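Residue-level listing of the chains:
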2 protein chains.
Amino acid sequence: MPRAQPRYRGLMSLAASDPSFDTRVFRFAARMGRLKASAIREILKVTDMPDVISFAGGLPAPELFPIQQFARACQEVLANDGQAALQYSVTEGYPPLRRWVSEYLARVNEIQCTPDQVLIISGSQQGLDLIGKTLLDPGDSVIIENPAYLGAIQAFDAYEAQYINVATDDEGMIPADLLRVLQEAKPKPKLLYIVPNFHNPTGVTLSLRRRKEIVAMAAEFGIPIFEDDPYGRLRYAGEHLPSLMALAQSRNCIYMSTVSKTIAPGMRVAWLVIPDRELFERVVPAKQAADLHTSSFTQRAVYTYAKDQAVFEGHIAEMLPVYARRRDLMIESLERYMPEGSSWTHPEGGLFLWARMPESVDTEELLSLASRSKVAFVPGYPFWVNRVVRNTMRLNFSNASDDMIVEGIRRLGDAVKAYLAGER
Amino acid sequence: MPRAQPRYRGLMSLAASDPSFDTRVFRFAARMGRLKASAIREILKVTDMPDVISFAGGLPAPELFPIQQFARACQEVLANDGQAALQYSVTEGYPPLRRWVSEYLARVNEIQCTPDQVLIISGSQQGLDLIGKTLLDPGDSVIIENPAYLGAIQAFDAYEAQYINVATDDEGMIPADLLRVLQEAKPKPKLLYIVPNFHNPTGVTLSLRRRKEIVAMAAEFGIPIFEDDPYGRLRYAGEHLPSLMALAQSRNCIYMSTVSKTIAPGMRVAWLVIPDRELFERVVPAKQAADLHTSSFTQRAVYTYAKDQAVFEGHIAEMLPVYARRRDLMIESLERYMPEGSSWTHPEGGLFLWARMPESVDTEELLSLASRSKVAFVPGYPFWVNRVVRNTMRLNFSNASDDMIVEGIRRLGDAVKAYLAGER
C-alpha cells in the first residue's frame, strides 16, 4: 500500500502556492496520469499570477470569518483553562465539545446521538482517513457518487479501495442505479460514501424521496452509510432536509460534519458520529496512532465560541446572504456569458456549482486558454470515477467578490467561445 | 491491515479518563494480550481516584506552560493575520515556521536543512504515522531500541511492520548488537528508528561514540535512520551531543522534533526534516490525505511565540531547573526508599527514568499493590520488544510537585517491600 504513494515531482511547487487553487485536484489528476505536462505548466503559470480570478479553490470567504469573536474565545480559554488547553488530552475529544456536538446535531439535523458516540477529529479529511483505515482492506469496494468528492478517494486510496460509481443527476445519487450496483456488486461493498447536501463538486442536493430510498436500500443490503455533511448549514434556498443518519435512526450509519464552513477551517476541528460501539472502539485507537488527539486548544476555542448559540447562529445568519448573492451572481453571469449548449447546476447551498460545456469542449484545454485571460476553474474530469468526461468544470462561488464573479465568468465565457471558434 | 485494529472494549473508559495516566501503554498492553483483566480493573480504579500520585503519565508540567505569552501570540496572529490564520493552507506548513525550524535546528542541533526540507506536522505521532505509511509495506522490518517507544510501534503496527530489537544499556543502543542485527537481517530492514536523547521509556542518552558508530553502520548497510528527538532541549546535566542527522550530514536520515516539550503539547505542532527530495514528495501527499494540513492558526501562534528567541529560550531556561530538581528528588527518593537489589537510570534530561526492581518483582502485580497506596507508574513489560521482562517500570518525574515526588516514591518503596514480603 505505501507503494501506491504517488511520485509526481512536477506538481510539488503547486502545493507551496496559493491554497485558493485546489491543488489537490490537480495533484490527483497528475497521479492518475490524467493531467498532461502542458496542463501542469499552465496551472503553475496561473497560480503565479497575482491578479487572476480563481474559481478553482474550495475556500470559504475569509472576510466572513468571525475573527474578533474567535479571538475573544481564545483569550477566555487561555485565561480560564490555559493549562488544560495547552496540555495533552484524551483521544476522543474535549468532553464539553462532544456534548455540544450531540446537542447541536439534535437541534439542526434531527440526529439523536450521545456525546460518547462523538469523536472529535482534526478536520473532515482525517475522518475519511480513519474510516478508510478502520474499515477498508485492500481491494474492498466503496460505493461513491459519480462525479465524486476527491478528498474521499484520496483518503481511501491509501487503503487500496476500489470504487463502484453510482450515477447522479440534479437530485443527487440515482436510486435505480444504486439498486443495480447493490444487486451486481460481488463481494459486498464495504461502505456507501455520500455527500447529500450541496455536493462537492456538483453542488446538488439529494432529494428527500431519494434519501429515504437510499437509506432503505442500504439497510436491505446491509451496507454501512458514511454520510459526509460539511456544507449542510450553508443553505440559501429550499427547505432543510433530514440527514440520512436521522432517517436511518442511526442504524449502520456514520455521520461527519465540521466547523470548517460554519466558523472557519484553519483550526482543523470536525467530528465523526459513530453509533456502533464496536466500530467507535476501533476508530479511537486508529486516531490515537495517527495524531494522539486533536489540539486541546483549538477544541476549547471552538467550543467556547460555538456554545453561545446567539453568536454562532448569528454568524451563520450573516454569512448566508453573502454566499447566496454570490451564487446568484454566478448563475446570472453564466446565463449572460456562456454560449448555447452549456448548462450548470443550481445549488441550493454550499460552495460550488458544476458546469457542463458543449460536448466538443475539453475543459483541460480550456483551462490553458482561460489562464491567458487570467481566470481559473477546476476541470471536471478528475472527479469522474471510472469514466472519461471532458466537458465539465467545477466553479467555486464563495471565495470571490461580486465584481470578480461577474468579470471572471465574462472572461470564462469569452474563453469558451474562443475555444469553440477553434482557438487553443 | 484494518483488521489488525484492536478490539478491547474493557479499556475504552480509560481513554476518557485522566490523560496523566499513560493509557496508550495500557491499551497497547491489552491489545497485545499482555495485560490481565485484573490489572485493567486496578488501573481503572486508580484513574478514578482523585488523590492518587501518578508517575504513570508522560506529561510536561502544565504550571510551566507560557500561557500569557502564548495568549499574546494568539492575539497578535488574529489581529494581524486573522484571515489567513483561520483559512485552509498548504500541506507543507506555514512558510515562516518552516524557515524558523530550519534556522532553529542549525542553531541548536547543528542540522543543516533548508525550509523546503521541513514538513510541519500535527504532533510527532503524526510523523510516525506518515513515515510508516510512506515507507513500510506489510512485513517490512524496523530496527528499534529495546525497550522501545510505544508510540512508534503503535504507528508502525498499522502498516503491519515487524520489529528487530537492538539491546540498549546506559549509553543507549549497543552498536555491537546493531551490527549483529544488520548482518543477520534478511530482507534488509526498511528503517532504523531511534530516540537518541533521554529515551522514552528508559531516559538514557546515546553516547557520542555510539552515535558515530551507528551513523557509520547505517550508512554502510544503507538503512535510513529515523531520528526522533522530542526531548533534546530538556537537558539538565552533561553536554549537548550532536544529532545523528548532523553526524550523517543529512544523508539517508529523517529527523523529527516538536514544540510539545519546549512550549506545550496542546497545539499539536511538530516537524519532520526530510532532506531526500523524493521521499519528501511522497510524504506530503500522505499528509494531505491524512489531514490536509496542520492548523493554520496554531502554526502561526507557535511561530509568533517562538520567533522571539529571548522569549522562547528564556522560557526553556526557566523550565530546566524545575525539571532538574524533580529528577534529582526522584533519584534521591529512590535511593532512600527502594529496597536492595533495585536500580534505575540517571537521565541527563527528558521526562522519564526507568527502574529495575529485584528479579522476583512483577511490576504488573506491583501496580495493584501500589494503587492501594494511591501511587501509580507504568509497568515496563509493554515496552519490551520480543522479550518478556517483568521487573521494570517507567517513572515520570516532570508532572508531580516536589512533595508528591518524595511522598509517591516513599509509598512505592513501601509497596515494593510489601510485595517482596509476600503481599499481593
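Only a predicted model underlies this, so the values are computations on that prediction, with no experimental measurement involved.

Chemist: I'd love a proper account of the pairing of strand β6 (residues 191-194) of chain A, names of residues and values included.
Modeler: Residues and elements named next belong to chain A. Here β6 shows two buried faces, one formed by L191 and Y193 and the other by L192 and I194. Judged from the 3 bridges that link them, strand β3 (residues 141-146) and β6 form a sheet pairing that is parallel. Paired with I144 across the two strands is Y193, which belongs to β6. Two elements, β6 and strand β7 (residues 225-228), share 3 bridges in a ladder whose sense is parallel. In the strand pairing of β7, I194 is matched with E227. What joins β6 to β7 is helix α9 (residues 208-221), and the crossover it makes is right-handed.

Chemist: Give a description of the sheet that holds strand β5 (residues 172-173) of chain A that names residues and reports values.
Modeler: All names here are of chain A. Ordered by their spatial adjacency, 8 strands build an open sheet running β2-β9-β8-β7-β6-β3-β4-β5, and the pairing between neighbours is mixed. Two strands in the sheet have a free side with no partner beyond their single neighbour: β2 (118-121) and β5. Bridging between strand β8 (residues 253-258) and strand β9 (residues 270-273) involves 4 bridges; their strand directions are antiparallel. Of the residues in β9, the one forming a bridge with T258 is A270. This element, helix α5 (residues 95-109), spans β2 and β9 of the sheet and lies at about 115° to β2.

Chemist: Let's hear about the packing of helix α4 (residues 67-85) of chain B against helix α12 (residues 296-306) of chain B: which residues, and what values?
Modeler: Residue and element names in this part refer to chain B. Axis separation between α4 and α12 bottoms out at 8 Å; the angle between their running directions is 130°. Taken as axis vectors, α4 and α12 run oblique relative to one another. Viewed along their axes, α4 and α12 form a crossing whose handedness is right-handed. Listed contacts from α12 to Q69, F70, A73, C74, E76, V77, D81, A84 and A85 of α4 are S296, F297, R300, A301, T304 and Y305. By residue class, the composition of the contact of α4 with α12 is 9 nonpolar, 3 polar and 3 charged.

Chemist: How would you sum up the relation of the copies chain B and chain A? Please name residues and give values.
Modeler: Superposing chain B onto chain A requires a rotation of 180° together with a translation of 0.0 Å along the rotation axis, leaving an RMSD of 0.0 Å. Taken together, the rotation angle and the small translation identify this as a two-fold axis.

Chemist: How would you summarise the interface of chain B and chain A if you had to cite specific residues and measurements?
Modeler: Frequently, the measure chosen for interface size is the accessible area removed from exposure when the parts meet. With 66 residues of chain B at the interface, the matching set in chain A holds 66 residues. Here the residues of the side of chain B that touches chain A sort into 34 nonpolar, 18 polar and 14 charged.

Chemist: Go over unusual backbone geometry, please, and point to the residues and values.
Modeler: Across the junction of A:N146 and A:P147, the peptide omega takes the value 0°, indicating a cis bond. A cis amide bond links B:N200 to the next residue, B:P201, at an omega of 15°. Mapping B:P201 onto the fold places it in the loop between β6 (191-194) and α9 (208-221). Phi angles above zero are rare outside glycine, and A:E110 is one such case at about 55°. With respect to the element layout, A:E110 can be found in the loop between α5 and β2.

Calculation criteria
Numbering of residues starts from 1 in each chain and follows the order in which that chain's sequence is written. In the order they appear in the text, chains get letters beginning with A and ligands get numbers beginning with 1. Totals for whole chains, interfaces and linings use every residue, but because this is a predicted model, local features are given only for residues with pLDDT of at least 70 and side-chain atom pairs only at 80 or more, for both listing and counting. We call a residue exposed when 12 or fewer other C-beta atoms sit within 10 Å of its C-beta, buried when the count reaches 20 or more, and partly exposed for counts in between; the C-beta positions come from the backbone. Helix and strand assignments come from DSSP, with helices taken as H or I runs of at least 4 residues and strands as E runs of at least 2, each series counted from the N terminus. Following DSSP output, two strands are said to pair if at least two bridges run between them. By definition, the crossover connecting two strands over a helix is right-handed if that path, from the first strand to the second, turns clockwise as seen with the strands pointing away from the viewer. Residues are treated as contacting if the C-beta atoms built from their backbones sit within 7 Å of each other. Structural elements are reduced to axes, namely lines fitted to C-alpha atoms, with helices fitted over the stretch in contact, and the angle between N-to-C directions of any two is expressed from 0 to 180 degrees. Here is the rule for angles: anything less than 35 degrees is roughly parallel, anything more than 145 is roughly antiparallel, 65 through 115 is roughly perpendicular, and the remaining ranges are oblique. By definition, turning the near helix anticlockwise from the far helix through less than a right angle yields a left-handed crossing, and turning it clockwise yields a right-handed one. Any residue outside Ala, Val, Leu, Ile, Met, Phe, Trp, Tyr, Cys, Pro, Asp, Glu, Lys and Arg is labelled polar, Gly included; the first ten of those are nonpolar and the last four are charged. To line up the copies, we fit them by least squares on C-alpha atoms, keeping just the residues with pLDDT of at least 70 in both.

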